[in-house]
Amino acid sequence: MTDTSPNPPRSRLRRLLGGAGRGLDLLQTFIKRLFLLLAIGGAVTGVVVGIKASKPAALQDSTVLVLDLQGPLREQAAGGARDSVFSQVSGQTPAQVRLRDVLAVLEHAQGDPKITRVMLKLDDFGGAGLSSLREVAAAIERFKASGKTVVAWGNNWDQRAYYLAAHANEAWLHPMGMVMVEGYGRQRNYYKDALDKVGVQANVIRVGKYKNAGEPYFANGPSKETLESEAHVYDALWALYRRGVERARKLPDGALQQSIESLPGSLVAAGGDGAKWALEQKWVDALKTQDEMRKAMIEAGAADEKSKSFRQVSLQQYLRHVPPRSKEAPVAIVVAEGEIGDGQAPAGRIGGESTSALIRSAREDENVKAVVLRVNSPGGSAFASEQIRRELELTRESGKPVVVSMGDVAASGGYWIAMAADEVIAEPSTITGSIGVFGMLPTAQALMDKAGVRTGGYRTTWLVGAYDFRRDLDPRFAQLVQASIGHIYQDFTTRAAAARSTTREAIDAVAQGRIWTGEQARGHGLIDRTGSLADAIRAARERAKLPEDAGIRYVEKKLPPFMQVLQSLGLDTAWQAVAGAVWAASPVNPVSGLAGVGALNATQALEDLVWLSDVVQARRPFTAVVHCLCEPQ
């Protein structure tokens, strides 16, 4: 039987569901706007409260400074306010910790009579390179030397977290926890067979037999040069790590290696109990649950009745007790962190124009008498690297000394930008060198053939479309690129020779794209000496004939005036929450329908293959890259 009524059941059902959907949309919009109004009201209240109480609350006696390091340790907070808002709305963890903040609070707490102890909480620590870890460990040792105590407590510590925990006076681990120390090394993906199967050729053109940044795209495994170079560096880093932990824990030389070599037998003997094993190996001092830790801290200090825990202050709270740096301090620090790209770049990345502008700002500031460039970069664009190096050269020529301080990584382009300094200081564990150049010209004619796609057309010269992803690489164009990259390598090594007061041949012998640790680089004359950021600051003061206590300041891109006011009141987070609410309520929010999508978490393979996409989509026919594709270790 056919329903001939004006409103068939299916049509009525569709209208009913449509009406219900519109009702839910209206309800959702109402709720979002309600939360938006509440957020704005809360922020306004926060601003009023902040204006009334812009000074931090006074600390009580026997307060513990709790360093709950959440996220990776960075020289400079990556991204801007928009990135922070996007992270909050998308549910991603925006947490990151600035190295300078950790060092500042530890230094200030040494002389603060209200602070009696420091507690390290490292379960959510995102890690750092060994150079940054050594900087923090040295600050912990200075705090201990003041007669105060450092306690580390955690559920699980990986290798990086444990390096800091090991420097505490006492390391307490949860009874069900474990310490995971593995050593150094890496297993890279190699894509030649995969690219062959889909009909893509990488066409990597390079200068330097150790320049292996493009190797994963044209090989199925590491070359003997790669294995030689990486073994030399990783063995040196592992030796530095082991010595640091063994001295801090008062273990005999080689104890860490012996503990690892005793596995799995020694863990089986401990009944498979990882915490018990760590205690037996003397990697930790005691096993304590959270309530036991809290009780021990109260007994050693003072109780906080309100929180029912020990009296404490967080890193962010205590930062407000640290006197701000003078805006007219004579030593300017410019941070160069992240990959080097052309043009402008946000905080946490290096832009040829944006970083040059910061250096130029310091040079043209009459109050600045010396510049320290803090480098933590694996390199990137050769053109942008030269822009930055030239600004530093002009700064020296203006009569202001320039000192480079190398952090976790200052390799390839990261080394290039350091070549105009009066003095180059690196941590013994810095990864540097990688003086080499490569370019990549991926083509996919085989893929086009499989798809039955052909190309053709009229050209006035062979250079029109000489590089076309759809066709095999023209040998003449490959020769052109090889000549250009060879010229850049010649320029790189010649400038390095001039900077290091040696010959180009001597530089070429230790270049060829090979990486070195800071200590190895010092032996080869690629840097002046090993040392910390504090050593670089002292060197800058001495070269500028400044007092030993001359102030420092960081030269960074200025925040909008409104954000500066909020930041001074400690309310910038509240403002970001408001902005986040606005973004969440916006109909153009691209994240709203993507919650929980696993594809948002990029894999290493995806990151590697993005290089091919970037090259294909670049506006220029090719880009010379001075990049080591190495990570902080």
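One can find the structure itself at the top, above this paragraph.
For every chain, the first residue of the written sequence is number 1, and numbering continues from 1 along that sequence. Per-residue local features are limited, in this predicted model, to residues with pLDDT of at least 70; the limit for side-chain atom pairs, both in listing and counting, is 80 or more; totals at the level of whole chains, interfaces and linings are taken over all residues. The basis for every side-chain value is the complete set of heavy atoms in the structure, and neither hydrogens nor water enter the calculation.

**Q** Could you give an account of the overall build of the protein, naming the residues involved and the relevant values?
**A** Counting secondary structure elements, the protein contains 23 helices and 24 strands. Buried residues are those whose accessible area, probed at 1.4 Å on protein chains only, stays under 20% of the maximum for their type, while exposed residues exceed 50% and partly exposed ones sit between those limits. In the protein, which comprises 633 residues, the proportion classed as buried is 47%. Every helix listed is a DSSP run of H or I at least four residues long, and every strand listed is a run of E at least two residues long, numbered separately from the N terminus.

**Q** So what's going on with helix α13 (residues 352-364)? Which residues, and what values?
**A** If you check α13, its first and last C-alpha atoms are 18 Å apart, about what 13 residues at 1.5 Å a residue would give, namely 18 Å. Of all the positions in α13, only G352, S354, T355, S356, L358, I359, A362 and R363 are classed as buried. Any pair of residues with heavy atoms lying within 4.5 Å of one another is described as a contacting pair. Considering only its buried residues, α13 is in contact with β12 (331-337), β13 (340-341), β14 (350-351), β15 (370-377) and α14 (382-397). To estimate the expected span of a helix, count its residues, drop one, and scale the result by 1.5 Å.

**Q** Break down the packing of α13 against α14 for me, citing the residues and quoting the values.
**A** To describe two helices that pack against each other, one gives the angle between their axes and the distance between the axes. Running from amino to carboxyl end, α13 crosses α14 at an angle of 5°, the nearest separation of the two axes being 8 Å. For the element pair α13 / α14, the angle class is roughly parallel. Between α13 and α14, the contacting residues are G352, E353, T355, S356, I359, R360 and R363 on the first element and A384, Q387, I388, E391, L392, L394 and T395 on the second. Classification used: nonpolar for Ala, Val, Leu, Ile, Met, Phe, Trp, Tyr, Cys and Pro, charged for Asp, Glu, Lys and Arg, polar for all others including Gly. Here the contact of α13 with α14 is composed, by residue class, of 5 nonpolar, 5 polar and 4 charged. Axes, fitted as lines to C-alpha atoms, cover a helix only where it is in contact. Angles between the N-to-C directions of the axes lie from 0 to 180 degrees. Angles are sorted into four bins: roughly parallel if under 35 degrees, roughly antiparallel if over 145, roughly perpendicular if 65 to 115, and oblique for all others.

**Q** Describe the pairing of β15, listing the residues and the values that go with them.
**A** For a regular strand, side chains alternate in direction, first toward one face of the sheet and then toward the other. Judged by how many residues are buried, β15 sits mostly within the fold: 8 of 8 residues are covered. The alternating pattern of β15 places A370, V372, R374 and N376 and V371, L373, V375 and S377 on opposite faces, both of which are buried. Two strands pair under a simple rule: DSSP has to find at least two bridges between them. Here β12 pairs with β15 via 7 bridges, running parallel. The residue of β15 that forms the bridge with V335 is R374. Where β15 meets strand β17 (residues 402-411), 6 bridges bridge the pair, whose relative direction is parallel. Among the inter-strand pairings, V371 is bridged to a residue of β17, identified as V402.

**Q** Got a sec to walk through the pattern of salt bridges? Specific residues and values, please.
**A** Salt bridges are defined as contacts in which a side-chain nitrogen from Lys or Arg sits within 4 Å of a carboxyl oxygen from Asp or Glu. Evaluation of the coordinates by the stated rule reveals 31 salt bridges. For the salt bridge of R134 with E427, the shortest nitrogen-to-oxygen distance reads 3.2 Å. Here R134 is found in helix α4 (residues 130-145), whereas its partner E427 is found in the loop between β18 (423-426) and β19 (431-433), with 293 residues between them in sequence. R134 sits in the partly exposed class, given a relative accessible area of 23%. The salt bridge involving D468 is made with R471; its shortest N-O contact spans 3.3 Å. Under the relative-accessibility criterion, D468 is labelled buried at 14%. Take R471: its relative accessible area is 25%, and that puts it in the partly exposed class. A network of salt bridges, in which partner residues are shared, links E386, R389, R390, E393, E397, D491 and R495.

**Q** I'd like to hear about the side chain of Q520, residue by residue, with values.
**A** Inspection of the secondary structure assignment puts Q520 in helix α19 (residues 518-523). Two N or O atoms count as a polar contact when they lie within 3.5 Å, although within protein this holds only if one can serve as hydrogen donor and the other as acceptor, and sequence-adjacent residues are included solely when both atoms are side-chain atoms. Among the polar contacts made by the side chain of Q520, one reaches the main-chain carbonyl oxygen of H232 at a distance of 3.1 Å. Separated by 3.0 Å, the side chain of Q520 and the backbone nitrogen of T517 make a polar contact. Look past the residues within four positions of Q520 in its chain and what remains in contact with it is H232, V233 and A236.

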